[in-house]
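Overview (structure and organization)
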2 protein chains.
Amino acid sequence: MQDALIALTKYWTDRGCMIVQPFNTEVGAGTLNPATILRVLGPEPWRVAYVEPSVRPDDARYGENPNRLQTHTQFQVILKPDPGDPQEQYLASLEALGIDIHAHDIRFVEDNWANPATGSWGLGWEVWLDGLEITQFTYFQQAGGMSLDPVSVEVTYGVERIIMALQGVSHFKDIQYAPGITYGEAFGQAEYEMSRFYLDDADVETQKRLFEDYANEARRMLDARLPVPAHLHVLKCSHTFNVLDSRGAVSTTERAKAFARMRGLAREVSALWAERREELGHPLGMSELPPAAEVPAEFAEVTEPAPLLFEIGTEELPPHEVTRSAAAIRDAVASKLAATRLDHGDVVADATPRRIVVRVGRVAPREPDAERFVRGPRASAAFDAEGAPTKAAQGFARGQKIDPAALERVEQDGVEYVGVTRTDLGRGALEVLSGVLGEVVTELRADKNMRWNDRKLSFTRPVRWLVALLGDRVVPVTASSMTAGRETRVHRTAAQPVVPVETAAGYLDFLAGHGIVASMTVRREQIVKAARDLAATVGGTIDEQAEAGLIDEITNLVEAPNAILGGFSETYLELPQEILTTVMRKHQRYLPVRTADGELLPHFVAVANGACDQDAVRAGNEAVLRARYEDASFFWRADLKVAPEIMKAGLRRLAFEEKLGSMADRAARVAAVAGDLGAELSTTDRSTLDRAAALAKFDLASQMVIELTSLAGVMAREYAARSGEPQAVAEALFDMERPRSSGDRPPATVPGAVLALADRFDMLVGLFAVGAAPTGSSDPFGLRRAAAGVISILRAHPALSDITLGRGLRSAADHVRAQGIEVREETLAEVEEFVVRRYEQQLLDAGHDHRHVAAVLPLAGAPAGAEATLREIEQRAGDSEFAALVTALQRVRRIVPAGTRPEYDPARLVEPAEVALHGELVKAKDAMATSALAGFVLAATSLTAPINTFFDDILVMSEDAEVRAARLGLLATIRDLAAPVLDWQALGTSFAAD
Amino acid sequence: MQDALIALTKYWTDRGCMIVQPFNTEVGAGTLNPATILRVLGPEPWRVAYVEPSVRPDDARYGENPNRLQTHTQFQVILKPDPGDPQEQYLASLEALGIDIHAHDIRFVEDNWANPATGSWGLGWEVWLDGLEITQFTYFQQAGGMSLDPVSVEVTYGVERIIMALQGVSHFKDIQYAPGITYGEAFGQAEYEMSRFYLDDADVETQKRLFEDYANEARRMLDARLPVPAHLHVLKCSHTFNVLDSRGAVSTTERAKAFARMRGLAREVSALWAERREELGHPLGMSELPPAAEVPAEFAEVTEPAPLLFEIGTEELPPHEVTRSAAAIRDAVASKLAATRLDHGDVVADATPRRIVVRVGRVAPREPDAERFVRGPRASAAFDAEGAPTKAAQGFARGQKIDPAALERVEQDGVEYVGVTRTDLGRGALEVLSGVLGEVVTELRADKNMRWNDRKLSFTRPVRWLVALLGDRVVPVTASSMTAGRETRVHRTAAQPVVPVETAAGYLDFLAGHGIVASMTVRREQIVKAARDLAATVGGTIDEQAEAGLIDEITNLVEAPNAILGGFSETYLELPQEILTTVMRKHQRYLPVRTADGELLPHFVAVANGACDQDAVRAGNEAVLRARYEDASFFWRADLKVAPEIMKAGLRRLAFEEKLGSMADRAARVAAVAGDLGAELSTTDRSTLDRAAALAKFDLASQMVIELTSLAGVMAREYAARSGEPQAVAEALFDMERPRSSGDRPPATVPGAVLALADRFDMLVGLFAVGAAPTGSSDPFGLRRAAAGVISILRAHPALSDITLGRGLRSAADHVRAQGIEVREETLAEVEEFVVRRYEQQLLDAGHDHRHVAAVLPLAGAPAGAEATLREIEQRAGDSEFAALVTALQRVRRIVPAGTRPEYDPARLVEPAEVALHGELVKAKDAMATSALAGFVLAATSLTAPINTFFDDILVMSEDAEVRAARLGLLATIRDLAAPVLDWQALGTSFAAD
């Protein structure tokens, strides 16, 4: 292993990095070494590489876990500014480590880094070597609350992992550290003893005192304007906090306070450092970025129509951005072209992780010329009584540099103006395209954008090259520092990674010749087919339906799909399948292989990118999966030894939210709300609910769920069942986490549904109450999902119609308030509105008529009911009786002023039409059993005719006030009879005869 | 600079070292990294190399001092066990750094390492590159109170210094750290800011709390049997202590307590680590040392006498051991040969730092045979009445395997025995020499001895080779793992560093042919001549007399003297000459060059070892001296800005001894004692004394003296004079530190002498009182020197005869007691006895007759008086009158029983001889003015004859009790009259006529 450290050191010093030593106080990551976290600030250039033994007390495992160490070795590189080719430099460093990058599958998989606590974030990837994460690669965008200019590239190698892979060992202790000595021999005792210190023996009171002392010392150093010792003490603070945490000694409140304090200090340190460097006159000078490219001023003539190829070459895009960007860029090109007069054929776009390819058919050689009338003053004001041009007309003519006599007259919108007709000459295709394509690049944007070594461009990942060809001719496009040419890049490991493109035509075939499948559709098909063929060889298949999302993602992780079948030991099949598939899908992007019956087989399909040594890549991926399954088995066995009640005690250590307390607090509130809401359940369901509520969320404290959070609920069911809980309780615990996502199924069981509702009501009310409602795109707690979940659950469980939104939210509010947190009534209303909006959106997304949706929204407090009504409405389509009823009711509503009480003295009603209506109304009221639409219609249809007659015959606004009051009271009574059913006005004219 | 770190890393990993990272908490030296301080314990092998940024808060200088940093970079190597050739491996590592070891003068200069606090020590060297200390090289012998087996080799490179020399820059900030970035650019801000923290801004109360917390945590970890985290916390403790110290916040008491605590913890950590490794079964295995050599059993025959050459090859011996060992080994060879019957010529020995060469002339080819009578029973018991052998005789004969009839008779001491004559065959020379020389090696010992990679041998430095030749034949000598041969080693940088020796004859010439001057005398002469010749070229000379000690040392630092003349800027001559010469002599072993008048010239002579590039070596040495003078100038200027009183306040920060307090406490006691002792001085002297006493020792707090402790007193004089103190005060302050060593001059001035006495009385009484009296060879406070100093001063100042030992010690005791420390009367007596013994030794060493010395010892309380008496005695040599007086007085003393009171009734004396004696006695008493010998003799000589007559005529032991009492009283009166003069009995027969 030490050879690897030496090789990396040499590699990066050869590339101009300076070497510094690991920091001489405990740090959790190389990023925290001042050589990174301070030096990335400000304009000075900085290139550095160093080893950093990173101390993570929480990862202490006495040296027993094969992959987890309280101190692991990072190799950290900072390139500031971005050198323009950091990925290529990085890949070459792997070769320096002895990794054959041609044989292996090396990929850049989206992984962004953010430390909101210190106002720091960056975009980048984790780098995979045959599925093993070996490096974190980040373009640092912000640190300490300050935007970084220039941006730094941070490369962090996980040395032990790389070496374990290279040496083919499965426990870190077996790493050959140096000739004749293993990692375990060299560091095993320290690993054990420091684990003891961090997990069992560090004195809590002492560490708390140390934390205070360090924090105060940091404070004092800031006041003395000394960022270096201040930072040192922030690090000491942070490590001490980690020690306390691993000793289980940090309450939620303390954690929040500590974080707030460290965050404040860290931000001040950054600001002070930047300030001091400025005062020192930036001793290392200023970073230089590539200059802006020279904007083309002259353009060659094109004579024949030709196809256009425009390729934006990027570093690996996040999968969802591949799809999104292709569409967005296609649209941008199309609409910008549409704004010109250049004639062209279809605009189509394809995309891979590394390129967006826009092709436009038959682009005309030039724009046609165009005439344009430049409008002057009105004709009436242009000439005086003598017909001579007025001052206004003269002024206009002068401005247009024409003789006033040359003014034309044109009528526009019925007014006659003077003016002049001008001819706009058409531009050549190259000039037009140069402008259009340049703008497209300059205006590129994604969901999350970043900067790199370009002063102006911004996108989800760096743009590294542009190809713009009209036929076989380069279109002179520039965008900031970039200039388009005819050179594209194929696989990084190809013999010739940069290749010239002769001509626009047939570009997809050209790429295919280099192994690259530009079309997402084709790639997806190839992946599915290859995966199925491979699965078939072991008697299995791939469930394309179930894995659709994953397949989409895989499609956008590769340019040249190369599916590989791997296997794992059958013994792991003893684990719950969710564990196995979760690991495969979420962590590794492997497609699970199943029998036709859906039974999991001990195989998977990994999709590598491009040609590689299949055996090596298979072996690598299998080893990664084995390690992960080994970990999971370890957690599984460890968790099974702990009874759910005991495990649940661990929730106290898991923070939920600063004010709302720990996960234990939250679980208690959820149980209490569930108790309230479950009042009407059957005895059986009730007892299931009580038991499940008592255990609610216990699995969050399991090692498995801490490691694989998406298994919350799944593990609860497994562990509960295996510890002897009734199956119904286990299912309820599983159900309470459903639905997990918008596509997921709601709870199947009633107790599970009640728990799931309680969970979400608590979450919504609690977080809104403490001011953590979602804003814009920020929804860190997933409240939109929670709201949607409430609706889904209530829609799925009409039997729980007693549990209205209002009741649920009020119950949740009671228990949040019991914790001493204020929940204002407006807040509750706000939450309800928030949920209803989600419901509305769900219904609209499902394709319901927006008027029908609007009509049932007042019923959204009980979504099952609302939905029944909606269905009923939809079934009434074309029902003329119903349409007539609707119209009649809408008439009633329209005529009755708001505030009119539904009361009248029948004695005042003497006209036949009003007497008849009164009579029908009394009957209808009697006939009406529920406020459900079907029943209402049944009872109320008889009112349609009398209402219409009433309006025909009767002048409601009688001059006799009492008569008028009685007539309005009659109508208001009808109105209020109909009101609970739905919002009749909202139906609008949806039932009106076409 | 980073290239150097990489080069060293590569070099040592290529030699099987593993690389570890710097420790991730602040350490003061690479030694403290557990990879050294713990791993050297126990039997497991360990080879490691690492960079260690070493944090020394006390060295913080805001980055302003060109050579001093709060964090400097060490490169640390541990080789365990000693590989047998660590020096050669080290030298090759310098080549790896790009140092041309053939061009430069690289030397290993004795420098031992000890950390008594933790029970750790080792022997070794500092390595010099052209006079610059670049590396510490130590054979670790003990750590944490445990003897190390095997011994580890520790090599610590001072990286900044090496790089400054290699790059030829004079400020660390100017080091080119990496391409395009200097050390100052990379680390300058941190250097400044951390200096601020350590010197000005760290919060003292916080740091004190941290110290406690760390110490307690270390304690707890020990109790939990976790040496690794325990060690971590000891290091944190230690760093925090250093921070407190550099903040000036550690009182003497606190320092003592803190050290005691850290020491205790550190020792426990070591013990626990060793214990735990044993419990773990020594996971890295057991170190292997070379096996014992096969002891020769057969020896070839030698036929002709031949010269013997025996060379013991070592690593660089300490200079004084070169001389000592040569003599000791010569004596050992001679005496061991004398115990054999092998005839041989003279035994002579020569030595250099790397070899002791013993040559023996004309060694006979064999021992002669020898006859030996084996004695049996007495003849009288050997034969029975019939003349037949008794059982005793038979038994003896059987034992001797002879027939009883063959028994011989021999008379011994007048008794006749039976027995048998046996012939001991002489052994061949090779057999004899093999035994003798093997023993010599096995029994090698020095003042301080060490172990290396040999299981049994022990010496001041490792023995690495043996050459033993009798004529041209190898003598088969073995000693532990070593076997003698004919291969010697010449200069390490010679083209062929190991060369065979053909024959014993002419070996010194053979060595000379390889540039090595084996004879110390010849080397010394060469050095003096070369130095003088060089000095003459710049109009100067070398004061051989004054530099004798230094020349002796230089002689034993080189094998092949190569004197080089260097110069320095004349501007430094403005500094006091003592500073310049102290730096030259003590730090650099350079010979100062002076004019014939003794005035210092801006030149020096350095003596390199062997051939080198003179210009390079000169430039290197000049640069080192320049840096040191630059430092000194810096201190000088800084010190001059501080008034002596202000400076003196700094003594509070300097610890003297745990119980006796700080140097400020000591200075106060010294001033008080001086006040007591100076009561009788003249007004002028008294006022000088008072002022000097008030400033006593202030210069110990100066930067100069802290750096160059031997300048204490010298700087006091300089700084006092320049701050406007009277010259007399300045001189007194200078004087009070004299004599510094046994050869040094005592104070010249009376106030200085009084202060110097007070200083030493306080030291003696104080340290004896707290139990720090010297034991065996251990005298850490130099009390023997202090005692000798008292005597020298009193001898030099007869005018101060009122200041007796007794008075001085009592005064000192008063002031020590005033500090609450018990000083028992026995202790005072013990101290006085201790001083008197030193006096006795001085007198004997000066060649005085031991009887005369003994005679005046009772007067030692006032050494000047004692010495006058001694001189008087010596002048009386051959004075027959005096001899007669002595004899008479001795007779008197002999006859008078102890306890006889000097009283008698003259009326009882009636015999003429007794009456006459009484009469003469009365006259002599009247005539005696002082008890000084001269006066006594003048008055008492007249008693000689009456005494003799008295003894001739009178029987003292009269039967009449009263008469007897009167006669004894008379004699007792004479005895007591003579007693204060000297111890007459002690004179013995020294005056007896021959």
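Given the structure is predicted, the values throughout are model-derived calculations rather than measurements.

Quick notes on the overall build of chain A
- Check the secondary structure of chain A and you find 33 helices and 27 strands.
- Across its three principal directions, the C-alpha atoms of chain A cover 110 × 95 × 70 Å.
- For chain A, the proportion of its 994 residues judged to be buried stands at 55%.
- Contacts spanning at least 24 positions in sequence make up 70% of the contacts within chain A whose residues lie at least 6 apart.
- Element-wise, carbon and sulfur atoms account for 50% of the exposed surface of chain A, whose accessible area totals about 39,700 Å².

Examining the relation of the copies chain A and chain B
- For the match of chain A to chain B, the screw axis carries a shift of 0.1 Å, the RMSD comes to 0.4 Å, and the turn is 179 degrees. Such a combination of rotation and displacement between the chain copies is what one expects of a two-fold axis.
- An overlap of 100% is found between the interface residues of chain A and their copies at the interface of chain B, pointing to a shared contact surface.

A short note on the interface of chain A and chain B
- Taken together, the contacts link 59 residues of chain A with 59 residues of chain B.
- Here chain A and chain B share six salt bridges between them.
- With a closest N to O distance of 2.5 Å, Asp213 of chain B and Arg209 of chain A form a salt bridge.
- Inspection of the region where chain A meets chain B yields 25 residue pairs in polar contact (both at pLDDT 80 or more).
- Of all the secondary structure elements, the ones that give two or more residues to the side of chain A that touches chain B are α1 (2-14), β1 (18-19), β2 (46-55), β9 (176-178), α5 (183-201), α6 (204-223), α7 (227-246) and α8 (252-279) of chain A.
- With 11 residues, α5 of chain A is the largest single contributor of residues to the side of chain A that touches chain B.
- Partitioning the side of chain A that touches chain B into residue classes produces 35 nonpolar, 10 polar and 14 charged.

Focus: the pattern of salt bridges
All names here are of chain A.
- Summed over the entire model, instances satisfying the criterion amount to 142 salt bridges over all chains.
- Here Glu217 and Arg220 are joined by a salt bridge, their closest N and O atoms 2.5 Å apart. Residue Glu217 and its partner Arg220 are both found in helix α6; the two are separated by three residues, about one turn of the helix.
- Taking relative accessible area as the criterion, Glu217 reaches 1% and is therefore assigned buried.
- Residue Arg220 is classed as partly exposed on the basis of its relative accessible area of 29%.
- Put simply, Arg807 and Glu680 hold a salt bridge, and the shortest N to O gap is 3.1 Å. Of this pair, Arg807 sits in helix α26 (residues 805-817) while Glu680 sits in the loop between α19 (663-677) and α20 (683-695), placing them 127 residues apart in sequence.
- Bridged by salt links that share partners, the residues Arg666, Arg669, Lys697, Glu737, Asp759, Arg760 and Asp762 form one connected network.

A look at the sheet that holds strand β15 (residues 408-412) of chain A
Residue and element names in this part refer to chain A.
- Strand order in the open sheet made by the three strands is β14-β16-β15, with antiparallel pairing throughout. Every interior strand has two partners, whereas the edge strands, β14 (370-378) and β15, have only one. If you compare each strand with its neighbour and ignore which way they point, the axes differ by 50 degrees on average.
- Of the pairings in the sheet, the one linking β14 to strand β16 (residues 415-424) comprises seven bridges and is antiparallel in character. Its bridge partner being in β16, Ala370 is matched across the sheet by Asp424.
- Against the sheet, helix α11 (residues 391-399) engages β14 and β16, with an angle of about 150 degrees to β14.

Description of the confidence of the model for chain A
- Mean pLDDT over chain A stands at 93; residues scoring 70 or higher make up 100%.
- Element-level mean pLDDT values for chain A span from 83 in strand β26 (residues 655-657) of chain A up to 98 in strand β17 (residues 463-470) of chain A.

Observations concerning helix α16 (residues 577-588) of chain A
All names here are of chain A.
- An ideal rise of 1.5 Å per residue puts 16 Å on 12 residues; α16 measures up with 15 Å between its terminal C-alpha atoms.
- Contacts made by the buried residues of α16 are with β6 (120-129), β24 (591-594), β25 (600-609), α17 (614-640), α21 (703-707) and α22 (714-722).
- Note on α16: the residue one or two positions beyond its end, Arg589, has a positive phi of about 55 degrees.

As for the sheet that holds β25 of chain A
Residues and elements named next belong to chain A.
- With respect to topology, three strands assemble into an open sheet ordered β23-β25-β24, the strand pairing being antiparallel. With partners counted over all chains shown, the strands left at the sheet margins are β23 (561-567) and β24, one partner each. When the angles between neighbouring strand axes are averaged without regard to direction, this sheet yields 30 degrees.
- Summarising the sheet, β24 and β25 pair through three bridges and their orientation is antiparallel. Each bridged residue has a counterpart across the sheet, and for Leu591 the counterpart in β25 is Val605.
- This element, helix α14 (residues 520-536), spans β23, β24 and β25 of the sheet and lies at about 25 degrees to β23.

Quick notes on the pairing of strand β24 (residues 591-594) of chain B
- Of the two faces of β24 of chain B, the one lined by Leu591 and Val593 of chain B and the one lined by Pro592 and Arg594 of chain B are each fully buried.
- Between β24 of chain B and the antiparallel strand that follows it, strand β25 (residues 600-609) of chain B, lie five residues; Gly598 of chain B among them carries a positive phi value of about 90 degrees.

A look at the packing of aromatic side chains
All names here are of chain B.
- Following the criterion strictly, the structure yields 60 aromatic pairs over all chains and no others.
- Relative to Tyr183, the ring of Tyr177 has its centre 6.1 Å away and its plane inclined at 70 degrees; by these criteria the two rings are edge-to-face.
- With a centroid separation of 5.2 Å and 65 degrees between ring planes, the pair formed by Tyr183 and Phe187 is classed as edge-to-face. Pair noted here: Tyr183 and Phe187 are both in helix α5 (residues 183-201), with a separation of four residues, about one helical turn.

Describing the side chain of Asp759 of chain B
- With respect to the helices, strands and loops of the structure, Asp759 of chain B is situated in helix α24 (residues 750-769).
- Setting aside residues up to four positions removed in sequence, Asp759 of chain B forms contacts with Arg666, Val670, Lys697 and Met736 of chain B.

Notes on the side chain of Gln21 of chain B
- In this structure, Gln21 of chain B sits in the loop between β1 (18-19) and α2 (34-37).
- Classification of Gln21 of chain B as buried rests on a relative accessible area of 19%.
- Once residues lying within four places of it in the same chain are set aside, the contact partners of Gln21 of chain B are Leu5, Pro22, Val51 and Pro53 of chain A together with Asn33 of chain B.

A word on α22 of chain A
Residue and element names in this part refer to chain A.
- Within α22, seven of the nine residues are buried, which leaves it mostly tucked inside the rest of the structure.
- Burial in α22 covers these residues: Val714, Met715, Ala716, Arg717, Glu718, Tyr719 and Ala720.
- Elements in contact with the buried residues of α22: α16, α17, α18 (644-649), α21 and α23 (727-735).
- In the stretch just after α22, Gly724 is the one whose phi turns positive, near 95 degrees.

Thoughts on the pairing of β2 of chain A
Residues and elements named next belong to chain A.
- Counting buried positions along β2 gives nine out of 10 residues, so the element sits mostly inside the fold.
- Two strands pair when backbone bridges link them, and β1 and β2 are joined in this way by two bridges, in the parallel orientation. Following the sheet pairing, Met18 is matched in β2 by Val48.
- Of the pairings in the sheet, the one linking β2 to strand β3 (residues 71-80) comprises 10 bridges and is antiparallel in character. Within β3, the position partnered with Val55 by the bridge is Thr71.

Considering the nonpolar core
- With 555 residues, the main nonpolar core has Tyr157 and Trp984 of chain A together with Tyr157 and Trp984 of chain B as its most contacted residues.
- The residues contacting Tyr157 of chain B, other than those within four sequence positions of it, are Leu8, Trp12, Thr73, Gln74, Phe75, Val77, Tyr90, Ser93, Leu94, Ile134, Thr135 and Ile162 of chain B.

Looking at the packing of helix α30 (residues 880-895) of chain B against helix α32 (residues 933-953) of chain B
Residues and elements named next belong to chain B.
- Between α30 and α32, the least distance of the axes is 8 Å, while the angle of their chain directions is 65 degrees. Crossing of α30 over α32 shows left-handed handedness. For the pair formed by α30 and α32, the contact residues are Glu881, Phe882, Ala884, Leu885, Ala888, Leu889, Arg891, Val892 and Ile895 on the first element and Leu933, Phe936, Val937, Ala940, Thr941, Thr944, Ile947, Asn948, Phe951 and Asp952 on the second.
- Looking at the contact of α30 with α32 residue by residue, the class counts come to 13 nonpolar, three polar and three charged.

A word on unusual backbone geometry
- Residue Pro81 of chain A is bonded to the preceding Lys80 of chain A through a cis peptide linkage, with omega at 5 degrees.
- Within the secondary structure, Pro81 of chain A sits in the loop between β3 and α3 (86-96).
- Cis peptide bonds are those with omega within 30 degrees of zero, and the linkage from Arg738 of chain B to Pro739 of chain B qualifies with -5 degrees.
- By the element assignment, Pro739 of chain B lies in the loop between α23 (727-735) and α24.
- The phi dihedral of Tyr62 of chain A falls on the positive side, at around 60 degrees, and the residue is not glycine.
- Take Tyr62 of chain A: it is sitting in the loop between β2 and β3.
- Of note, His282 of chain A is a non-glycine position whose phi angle comes to about 50 degrees, a positive value.
- For His282 of chain A, a relative accessible area of 16% gives the class buried.

Rules and cut-offs
- Residues numbered from 1 in each chain as written.
- Chains lettered and ligands numbered in written order.
- Predicted model: local features only at pLDDT ≥ 70, side-chain atom pairs only at ≥ 80, totals over all residues.
- Heavy atoms only, no water.
- Helix = DSSP H or I, 4+ residues; strand = E, 2+ residues; numbered from the N terminus.
- Buried < 20%, exposed > 50% of the residue type's maximum accessible area, 1.4 Å probe, protein only.
- Contact = heavy atoms within 4.5 Å.
- Areas by Shrake-Rupley, 256 points an atom, 1.4 Å probe, with all protein chains shown as cover.
- Least-squares fit on C-alpha atoms with pLDDT ≥ 70 in both.
- Salt bridge = Lys/Arg side-chain N within 4 Å of Asp/Glu carboxyl O.
- Polar contact = N/O pair within 3.5 Å; in protein donor to acceptor, adjacent residues only side chain to side chain.
- Nonpolar A, V, L, I, M, F, W, Y, C, P; charged D, E, K, R; others polar.
- Pairing = 2+ DSSP bridges.
- Axes fitted to C-alpha atoms, helices over the stretch in contact; angles between N-to-C directions.
- pLDDT = per-residue confidence, 0-100.
- Expected span 1.5 Å × (residues − 1).
- Phe/Tyr/Trp six-rings, centres within 6.5 Å; stacked < 30°, edge-to-face > 60°.
- Core = buried A, V, L, I, M, F, W, Y, C linked by side-chain atoms within 4.5 Å.
- Left-handed = near helix turned anticlockwise from the far one by under 90°.

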